[in-house]
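Coordinate inspection notes
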Amino acid sequence: MYLCKLKFYIQTSSDEPERILRSVALPEDCELEVCTSDELDNSSLPVLDCAIISDGNPSALIKADAVKGVKKVLLAEGSELKKMEAWELEPADDIFAMPDGARYDKTILSAHFRRLINTMKNESDARKGKIYFETAIDSIPDLVWFKDGDGAHLIVNDSFCALVEKTKEQIYKRGHYYIWDIPREEYEKGEYVCLESEDEVIQARATCVFDEKIKTHDGMRQFKTYKSPLIDADGSIFGTCGVAHDVTDLHNMNNEINVIIESMPYAIIVDDNNNVIINTNEEFNLMFGVKENLKGVTINEWIDRYITGRIERIPEKDEFMISDGGETKTIQFKQQNITDIFGETIGSMGIFRDITIERRNELMTIKSANTDFLTKLHNRRSLFHYLDKKKRSPKFTFICVDLDNFKQVNDIYGHHKGDEALITVTNVMKESFPDDFIARLGGDEFLIVVNRETDIERIKAQVTEFQSKLKAEYMKSKEFTKLTTSIGIAVETLAACGKYDFDKILRQSDRALYKAKNGGKARFCVYE
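Let us look at the structure shown here. Note that this is a predicted model, so its numbers are computed, not measured. (Residues numbered from 1 in each chain as written. Predicted model: local features only at pLDDT ≥ 70, side-chain atom pairs only at ≥ 80, totals over all residues. Heavy atoms only, no water.)

1. Let's talk about the nonpolar core
In terms of nonpolar packing, the biggest core is built from 25 residues, with I399, V401, V425, M429, I448, F466 and Y474 touching the most fellow members. Contributions of two or more residues to this core are made by β17 (395-404), α16 (406-413), α17 (415-432), β19 (445-450), α18 (456-474) and β20 (484-493). Residues within four places of V401 in sequence aside, it is in contact with M429, D444, E445, F446, I448, F466, T485, S486 and I487. Listed in part, the 21 residues of the second largest apolar core include I20, V24, F96 and I117. (Core = buried A, V, L, I, M, F, W, Y, C linked by side-chain atoms within 4.5 Å. Buried < 20%, exposed > 50% of the residue type's maximum accessible area, 1.4 Å probe, protein only. Helix = DSSP H or I, 4+ residues; strand = E, 2+ residues; numbered from the N terminus. Contact = heavy atoms within 4.5 Å.)

Structure (structure tokens):
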């Protein structure tokens, strides 16, 4: 407690009262300042705590009474008191009645002074305590109030007054419907005002927490209120007190975040530092087939319930495959940590995006870029990509195939018939070389790449069988009876330097092809 400095003025011609007063044992944190004079000094009265009138003169008592806040004590013998009228004694706050002839009896006067000092010290402490309390609650931005047993407001802080737009004097001993300016009928419905929860607090005899909506001049507000019973020394409850924290902005912010999350076209899950889910959106529920509120469920529990057995991770990618009713979806996953204003991680947000169609389109684009549009065979670009992957193979055989008399079919019967002839040769090549790489280099020129252990004689046999099958197919249509194939074959093994020259092998097979054409067509030649 702060130091209590008590200022006394003793109006007497004797120095005995001051000596006795100074001899009294003082309470802790208490000091005295004493002045004695035979005349009452009006100029000193406003700064005094106590004026002791010891000459039995009522006029001095009346003079001291004119100054507010000064405690007035009359020190007189019994016979002097009997001579005074009631109106003369009325200004006194206390009377020290001393025995006749013993005005300054040390024992009696010391007891009076001790009681007076303790009383004034307690009053000073109580006054300062009231200042502490009022200053403290008025410094709090939350609403603070104290009610009596009937629910009337006794003490409120400045924040409370600012919200209801009333003074403390106007609020004193008033109820809700007056304070909040609402009809009593609406108040009794308890829908838009602070709930009458005092009974619950009193029954619990403990602090209770409530979420309450209040209708104010500025519209609806949401409060988190903490209410406690006021329990007297004998255990009886004489009222309640409460603190209300305005969480409207927090609720609005949370609602805005929920709106944003729900408006996202992605599945979103938010969890805290303990991996406990605190929010998910509808897209998340649809993606994983969730039909319950996952708030409060751990991430592992969610995985056990909805993910285990349905997922296959894609290596080196933030993607995974998940089965969904017979259909397999490709899901992309991104995780972002959530940090507070101090940079500490307080949770994370996971974003799941269904990229099934995107990946399917990518594969189609890649396939289209590497596939001949008409025959669906590999194209020249796909050929060199394949050769680059197989460049460490010990042996390659290139079989270059070209249709004889193909231009005549186009010129005489049209390009649609030419396309039909190309599709026919494609089908027969696939049948004759099912395990080998086949590409259309352009026009009526094709390349078969054999990347397996075989000898030239087996290759020759396969080529001969292919030419026979193709001729038989072409003979089925009068437009194709003159079509045959010329074929060039080139064989190359891995050079001592460990590197192939694929352009060179391709040229060799091409030269063998033209040798076959120049030799009469419908035949094959091996490059030597």
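2. Notes on the sheet that holds strand β3 (residues 50-53)
Strand order across the open sheet formed by five strands is β2-β1-β3-β4-β5, with parallel pairing between neighbours. Edge positions in the sheet fall to β2 (30-37) and β5 (94-98), since each has one partner strand and no second. Strand-to-strand twist across the sheet, computed as the mean angle between neighbouring axes with direction ignored, equals 20 degrees. Relative to β5, strand β4 (residues 71-77) is paired through five bridges, and the arrangement is parallel. Across the sheet, residue L74 finds its bridge partner in β5, namely I95. Relative to the sheet, helix α1 (residues 16-23) contacts β1 (4-11) and β2, its axis offset from that of β2 by approximately 175 degrees. Sitting on the sheet, helix α5 (residues 106-138) touches β1, β2, β3, β4 and β5, and the angle it makes with β5 is about 170 degrees. (Pairing = 2+ DSSP bridges. Axes fitted to C-alpha atoms, helices over the stretch in contact; angles between N-to-C directions.)

3. Focus: the pattern of salt bridges
Scanning all chains against the criterion turns up 34 salt bridges. Note that D404 and K517 form a salt bridge whose closest N and O atoms lie 2.7 Å from each other. Taken as a pair, D404 in strand β17 and K517 in helix α19 (residues 502-518) lie far apart in primary sequence, 113 residues in all. In this structure D404 comes out as buried when scored by relative accessible area, which is 0%. We classify K517 as buried; its relative accessible area is 17%. Between E473 and K476 there is a salt bridge, with the nearest N and O atoms lying 3.1 Å from each other. A network of salt bridges, in which partner residues are shared, links E319, R353, E358, R359 and E362. (Salt bridge = Lys/Arg side-chain N within 4 Å of Asp/Glu carboxyl O.)

4. Section: the pairing of strand β6 (residues 143-148)
By the criterion of burial, β6 is predominantly enclosed, with five of the six residues buried. Taken together, the six bridges between β6 and strand β10 (residues 237-246) define a ladder with antiparallel strand orientation. Residue pairing in the sheet places W145 in a bridge with G242 of β10. The sheet contact formed by β6 and strand β7 (residues 153-156) spans three bridges and is antiparallel. Bridge pairing in β7 links F146 to I155. The loop that links β6 with its antiparallel partner β7 comprises four residues; one of these, G151, has a positive phi angle of about 90 degrees.

5. Section: the sheet that holds strand β16 (residues 345-354)
Taken in spatial order, the six strands line up as β12-β11-β16-β15-β14-β13 in an open sheet, and their pairing is antiparallel. The open sheet is flanked by β12 (277-280) and β13 (311-314), the only strands paired with a single partner. The sheet shows a mean angle of 25 degrees between the axes of neighbouring strands, direction not considered. Pairing of strand β11 (residues 267-272) with β16, which is carried by six bridges, proceeds in the antiparallel orientation. Each residue of the ladder has a partner; that of A267, found in β16, is F352. Here helix α14 (residues 356-369) sits on the sheet in contact with β14 (319-324), β15 (327-339) and β16, set at roughly 120 degrees to β15.

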